[in-house]
There are 4 protein chains.
Amino acid sequence: MANLPPQERLRRFGAKNVLIRNLLAELFGTFTLCFVGLSIVVQFHIGKTKFTNWLGVNIGWGFAILFSVQSTLRISGGHLNPAVSLLMWSFGHIKFTWFILYSIAQTIGAFIAAAATYFYYIDSFDHYDKGIRSVLGPTGTGVCFCSYPQEYLGVLSPYIDQIVGTGALAFFLCVVIDERNGIPKVWHPTFFSFLLIMIGCAFGMNLGYPINPARDFGPRLFSYFIYGAGVFSSPYNMYFLAPIIGPFIGALLGGWLYFLTIGMQNPPVEGIRNTDIPYIDQVK
Amino acid sequence: MANLPPQERLRRFGAKNVLIRNLLAELFGTFTLCFVGLSIVVQFHIGKTKFTNWLGVNIGWGFAILFSVQSTLRISGGHLNPAVSLLMWSFGHIKFTWFILYSIAQTIGAFIAAAATYFYYIDSFDHYDKGIRSVLGPTGTGVCFCSYPQEYLGVLSPYIDQIVGTGALAFFLCVVIDERNGIPKVWHPTFFSFLLIMIGCAFGMNLGYPINPARDFGPRLFSYFIYGAGVFSSPYNMYFLAPIIGPFIGALLGGWLYFLTIGMQNPPVEGIRNTDIPYIDQVK
Amino acid sequence: MANLPPQERLRRFGAKNVLIRNLLAELFGTFTLCFVGLSIVVQFHIGKTKFTNWLGVNIGWGFAILFSVQSTLRISGGHLNPAVSLLMWSFGHIKFTWFILYSIAQTIGAFIAAAATYFYYIDSFDHYDKGIRSVLGPTGTGVCFCSYPQEYLGVLSPYIDQIVGTGALAFFLCVVIDERNGIPKVWHPTFFSFLLIMIGCAFGMNLGYPINPARDFGPRLFSYFIYGAGVFSSPYNMYFLAPIIGPFIGALLGGWLYFLTIGMQNPPVEGIRNTDIPYIDQVK
Amino acid sequence: MANLPPQERLRRFGAKNVLIRNLLAELFGTFTLCFVGLSIVVQFHIGKTKFTNWLGVNIGWGFAILFSVQSTLRISGGHLNPAVSLLMWSFGHIKFTWFILYSIAQTIGAFIAAAATYFYYIDSFDHYDKGIRSVLGPTGTGVCFCSYPQEYLGVLSPYIDQIVGTGALAFFLCVVIDERNGIPKVWHPTFFSFLLIMIGCAFGMNLGYPINPARDFGPRLFSYFIYGAGVFSSPYNMYFLAPIIGPFIGALLGGWLYFLTIGMQNPPVEGIRNTDIPYIDQVK
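The rules behind the values
- Residues numbered from 1 in each chain as written.
- Chains lettered and ligands numbered in written order.
- Predicted model: local features only at pLDDT ≥ 70, side-chain atom pairs only at ≥ 80, totals over all residues.
- Heavy atoms only, no water.
- UniProt positions renumbered as here; feature names shortened; annotations may be inferred.
- Contact = heavy atoms within 4.5 Å.
- Least-squares fit on C-alpha atoms with pLDDT ≥ 70 in both.
- Core = buried A, V, L, I, M, F, W, Y, C linked by side-chain atoms within 4.5 Å.
- Buried < 20%, exposed > 50% of the residue type's maximum accessible area, 1.4 Å probe, protein only.
- Buried area = accessible area lost by both parts, 1.4 Å probe.
- Salt bridge = Lys/Arg side-chain N within 4 Å of Asp/Glu carboxyl O.
- Polar contact = N/O pair within 3.5 Å; in protein donor to acceptor, adjacent residues only side chain to side chain.
- Helix = DSSP H or I, 4+ residues; strand = E, 2+ residues; numbered from the N terminus.
- Nonpolar A, V, L, I, M, F, W, Y, C, P; charged D, E, K, R; others polar.
- pLDDT = per-residue confidence, 0-100.
- Axes fitted to C-alpha atoms, helices over the stretch in contact; angles between N-to-C directions.
- Parallel < 35°, antiparallel > 145°, perpendicular 65-115°, else oblique.
- Left-handed = near helix turned anticlockwise from the far one by under 90°.
- Phe/Tyr/Trp six-rings, centres within 6.5 Å; stacked < 30°, edge-to-face > 60°.
- Lys NZ or Arg CZ within 6 Å of the ring centre and 35° of its normal.

- An unreviewed UniProt entry annotates chain A as Aquaporin of Diploscapter pachys.
- As stated in UniProt under Sequence similarities (unreviewed entry), the record for chain A gives "Belongs to the MIP/aquaporin (TC 1.A.8) family."
- One UniProt comment on chain A, placed under Function (unreviewed entry), says "Aquaglyceroporin that may modulate the water content and osmolytes during anhydrobiosis."

Pasting the structure below:
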């Protein structure tokens, strides 16, 4: 033990309680995901094509998912998204109270990430809008924190958008984690990054693919302290519920749809027992 | 069994008949491929460079192939393309009647995907053309569903284009699945994604690389109900046959050309028996 | 044997003579590389940013390398480039006469690829220049076949450019194939694709990174039959020698520089004998 | 031995002293990283979007990291960055005197790389500014060598920028090298490339993400001989210290933050002893 390098000696101070350990992982993992991800959006929105394009946003977010999930996969399962946690609850991987607590930890992580991004890029904000913050409009920067719909969208469309986007996420996430497909667990986060890039290329035009209630609501709450109540009423009242409610519905629909359409037909693999369910050991 | 999570318990309800199982997989797999893929095209065409560029289209389609094939590879072989099914028939992997049924299932999947894409992005269509649908022209959106040739192409050129594009697909697909090249099967869909990206960069300018009769005809048929008979007569009568007939010819030419030029020279691998042909177990 | 699918039965007709087998592989491999690659260039040059950008060119060429090398790696070593063959001769992997014959086969493959690309995209050529072919100038298309330097380059600069570009290729190629780095052979072509993408991002501005005498001279020779002698005298006499001579010098310098600077220091791997040299079995 | 190919016979001349061997590797590895990387920046800055875009810069630098680290990983650990070396010292992988010597070797490598890039692209420099070199301004090219901040940044912001950017690098680098995450060492450089791409998409707008004291200071010193003292006083005195000091602080903060937040919670892996610390064998 004395020969261990110092960072390895830290391991003994890890949380003894599995739930607390997992909540810390979800909080920090969602923080890193959203800090990187929101910085990408700021660089895209304020940098205006000189410093990245939409494909760069997709690829950047994809790799933010890769590393944030990779860091927490073995601890908490690396959900980093309340909609994914809800799906995992429905799959019996975590208890319902865990789903609630995971969601809170994720939202806190995303809130702190919004603060970090704001102060990291504050000079750019000030330069862009001459210090006059507005949610929308020519120098509006609200979109740096959370989603606002295209102006031509109907009032139900954001819900459909989020159900479809998160549904695709959940559907293909199940393709990756279905043990019968034989993808080694160490590569799961890499495939998740490809998945996010694909979703950004296909389902990003309406709202900008939040598909994650914590990623949208946490930073929106933070931006309330910058922009005021407009973040909850722009472009109309109650819009902000769509990227919260939509993903929960979408994740359940998408994940179960995978098993009901394709996963159900997937033949067993020799040498893998039916009880070898990935992540199942996370349930106490 | 009682300890299995619910989604695993669903497995017992999978189709008992292998053919039905495979047809379901091809239908759903082609649905996911085309729903994601057509949404990418809409985002590219209507979003006009702000929300993706041509490279983003290539990468998005590549990953749509990755996940759609990954999900069905172990079930039906993950063809998702009648031209690939024809090639696999010529390789002895499936029976000719299966090829016919696969093709129908794939086309149905693509048809439903077109409907799903249309209703998902309907607000964007309405905003783009003020509700007046036209196949071609300044606010034309027919290309969101199926291919239309560059105006300067000769009447035979679309056939040559599809023979070459699908030929390249089939040729390099055989490079990937040739067991003697030793690519682990779990990575095949990833290499297919690289392959699609490459084809989009090289053979996309004439028609937009449909290279898949189901992907082109299924959505074209759906778009008939939106745009009327113009989808079959634009820009001239019988054009729509090119992306159906061309791919079938191209797939056979390309796949066999691989074996006749390079595959034939590929030395055997020690430890792999000549009879270990991938996918062969799909033949009943 | 009777149970083998037809394409497997073809294997018995593979060339019995190893040299002939390898030359066929080099010819066909360089054909596929250049047919895809030149089509990418046409799509970039004639399609003018709508149908791919410079990064798309880099990625497309990268994957063209991936699949073309993958298909021939186990047969001939997958050189597809006379400069690489020269380096492999210097490493003792092939005999000098083989290097000469490999180079001829590669150049023939590239020549045929230029013809195939030209006839594949002939409608686009005609539309672009109204049927009046010119090497350079506003509607010039000579660059679709082979390299022409930026007008501001000095007369020695193309040589330096090709020595550097091919040197980087050879240097990092040796990083990949150095058995002591432990990269599994099945992944080599994928790393080569990353390498090509990198070189296109760094060393593409002067000449467009031909870095392959066969890829430049074969299509240039074909384009002589389209454009006349201008392809050998544009923008000045003897330019065309630079992308032939430069790569040979660069490959030797770069490859040996790797071993003299870094490879020499690479500690041996336990369990790998010093005599386990990759590709060595190609020498009869 | 007589049967060994010539490049393998060179191995015996590798440096016998481990420190000298490692310093040579760090020098040459940082040279290749910066030669490729600076050439990418020149192509981006002088080529002006025709020859790559910001995403191309990110991807190019990512792969430059990949191959440069891959080549030196087994020799010196492949730091190629004094800030990473400092972090590795804090982890007990190298001695403090080694950290100092590594940093010097890396800076020398980056200095030589700047010279190589300059002479490689000198025609392009001359064409761009008509031979009148200036650090900043409309035809300024100082940014081809080292970072200069956005004009609107406050005086402390570059420090914060570099702490955050290098912090993210170090944090996620620890995700990759944490043995408990089980990423095979041969894939580490590939994940580093993804990481660099991500950082360029998120934290590149302020300074252009140098995040490496050797990469910034070495070429700045070289550019002093081209542009004069302005490289140390532009846009204001002492700016150049930010991309030196910031990364050192950031690397320590980021790396240790990983272990204090997430790594500490990472459960042990069966079959891996706590003492199997990667790279530990580099400590004499």
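### Some details on the arrangement of the chains
- One finds no contact linking chain A with chain C; the least C-alpha distance across the pair is 11 Å.
- At the level of C-alpha atoms, the two units chain B and chain D stay apart, their nearest approach being 11 Å.

### Looking at the relation of the copies chain D and chain A
- Each copy of the sequence occupies a distinct position, and chain D is placed on chain A by a rotation of 90 degrees and an axial shift of 0.0 Å, giving an RMSD of 0.0 Å. Put plainly, the chains are arranged around a four-fold axis. Rotation axis and chain D: the residue whose C-alpha lies nearest the axis is Leu 55 of chain D, separated from it by 5.7 Å.
- Here only 6% of the contact residues of chain D are again contact residues in chain A; the copies associate through non-equivalent surfaces.

### Observations concerning the nonpolar core
- Counting residues in each nonpolar core, the largest one holds 380 residues, and the members touching the most others are Phe 67 of chain A, Phe 67 of chain B, Phe 67 of chain C together with Phe 67 of chain D.
- Among residues more than four places away in sequence, those in contact with Phe 67 of chain D are Phe 172, Val 175, Val 176, Phe 191, Phe 194, Leu 195 and Met 198 of chain C.

### Thoughts on the interface of chain D and chain A
- At the junction of the two partners, chain D supplies 54 residues and chain A supplies 49 residues.
- Where chain D abuts chain A, roughly 4,600 Å² becomes buried across the two surfaces, and 71% of that area is made up of carbon and sulfur atoms.
- Run the count over chain D and chain A and you get 1 salt bridge.
- Notably, a salt bridge pairs Asp 178 of chain D with Arg 11 of chain A, separated by 2.6 Å at the nearest N-O pair.
- Inspection of the region where chain D meets chain A yields 17 residue pairs in polar contact (both at pLDDT 80 or more).
- Those elements that place two or more of their residues in the side of chain D that touches chain A are α3 (54–72), α7 (157–177), α8 (188–202) and α11 (242–261) of chain D.
- Counted by class, the side of chain D that touches chain A contains 33 nonpolar, 17 polar and 4 charged residues.

### A few points about the UniProt feature "transmembrane region" (unreviewed entry) in chain A
All names here are of chain A.
- Here the UniProt feature "transmembrane region" (unreviewed entry) sits at residues 20–42, 54–75, 96–121, 159–178, 190–211 and 238–259.
- Each end of residues 96–121 is marked by a C-alpha atom, and these two atoms are 37 Å apart; helix forms 96% of the span and strand 0%.
- The distance separating the terminal C-alpha atoms of residues 238–259 is 33 Å; by composition the span is 82% helix and 0% strand.

### Observations concerning the confidence of the model for chain A
Residues and elements named next belong to chain A.
- For chain A, per-residue confidence averages 93 on the pLDDT scale, and 94% of positions sit at 70 or higher.
- Here residues 272–284 is modelled with pLDDT under 50, and outside its nearest four sequence neighbours on either side it reaches 34 contacts, counting other chains as well.
- Across the assembled chains, the prediction reports ipTM 0.93 with pTM 0.95.

### Considerations on the packing of helix α2 (residues 18–47) of chain D against helix α6 (residues 122–129) of chain D
Residue and element names in this part refer to chain D.
- Interaxial distance between α2 and α6 falls to 11 Å at its minimum, and their mutual angle equals 25 degrees. Classified by the angle between their axes, α2 and α6 sit roughly parallel to one another. Remark: the crossing between α2 and α6 carries left-handed chirality. Mapping the contact onto sequence places Val 42, His 45 and Ile 46 in α2 and Ser 124, Phe 125 and Tyr 128 in α6.
- Taken together, the residues of the contact of α2 with α6 break down into 4 nonpolar, 2 polar and no charged.

### As for the packing of helix α8 (residues 188–202) of chain C against α3 of chain D
- Following both chains from N to C, one finds α8 of chain C and α3 of chain D inclined at 125 degrees, their axes separated by 9 Å at the closest point. The orientation of α8 of chain C with respect to α3 of chain D, classified from their angle, is oblique. Taken as a pair, α8 of chain C and α3 of chain D cross one another with a handedness that is left-handed. Residues Phe 191, Phe 194, Leu 195, Ile 197, Met 198 and Cys 201 of chain C of α8 of chain C form the contact with α3 of chain D, whose own contacting residues are Gly 56, Ile 59, Gly 60, Phe 63, Ala 64, Leu 66, Phe 67 and Gln 70 of chain D.

### Some words on unusual backbone geometry
- A cis amide bond, omega -5 degrees, links Ser 234 of chain A with the succeeding residue Pro 235 of chain A.
- With respect to the element layout, Pro 235 of chain A can be found in the loop between α10 (230–233) and α11 (242–261).
- Non-glycine residue Ile 211 of chain C carries a positive phi angle of around 45 degrees.
- Notably, Lys 130 of chain D is not glycine yet its phi reads approximately 55 degrees, a positive angle.
- Within the secondary structure, Lys 130 of chain D is located in the loop between α6 and α7.
- Look at Lys 130 of chain D and you get exposed, because its relative accessible area is 62%.

### Considerations on the pattern of salt bridges
- Per the counting criterion, the structure on display carries 20 salt bridges over all chains.
- Asp 216 of chain B is paired through a salt bridge with Arg 220 of chain B; the nearest N and O atoms lie 2.7 Å apart. Of this pair, Asp 216 of chain B and Arg 220 of chain B are both found in helix α9 (residues 213–227), 4 residues apart, which corresponds to roughly one turn of the helix.
- Taking relative accessible area as the criterion, Asp 216 of chain B reaches 0% and is therefore assigned buried.
- Sharing partners across several salt bridges, the network here consists of Glu 8 and Arg 11 of chain A together with Asp 178 of chain D.

### Observations concerning the packing of aromatic side chains
- Counted under the stated rule, the structure contains 144 aromatic pairs over all chains.
- When the ring of Trp 54 of chain A is compared with that of Phe 51 of chain B, the centres are 4.8 Å apart and the planes differ by 80 degrees; the resulting orientation is edge-to-face. On the criterion of chain membership, the pair formed by Trp 54 of chain A in helix α3 (residues 54–76) and Phe 51 of chain B in the loop between α2 (18–47) and α3 (54–72) is interchain, its members lying in two chains. With respect to class, Trp 54 of chain A is no different from Phe 51 of chain B; both count as buried.
- Over the face of the ring belonging to Tyr 148 of chain A we find Arg 220 of chain A, whose NZ or CZ atom lies 5.1 Å from the ring centre.

### A look at the side chain of Thr 30 of chain C
- Among the structural elements, Thr 30 of chain C can be located in helix α2 (residues 18–47).
- By relative accessible area, which is 0% here, Thr 30 of chain C ends up buried.

### Comments concerning the interface of chain B and chain C
- Between chain B and chain C, the contact holds 54 residues from the first and 49 residues from the second.
- The junction of chain B with chain C conceals about 4,600 Å² of combined surface from both sides, 71% of it contributed by carbon and sulfur atoms.
- There are 1 salt bridge connecting chain B and chain C.
- Taken together, the links from chain B to chain C amount to 17 residue pairs in polar contact (both at pLDDT 80 or more).
- Taken together, the residues of the side of chain B that touches chain C sort by class into 33 nonpolar, 17 polar and 4 charged.

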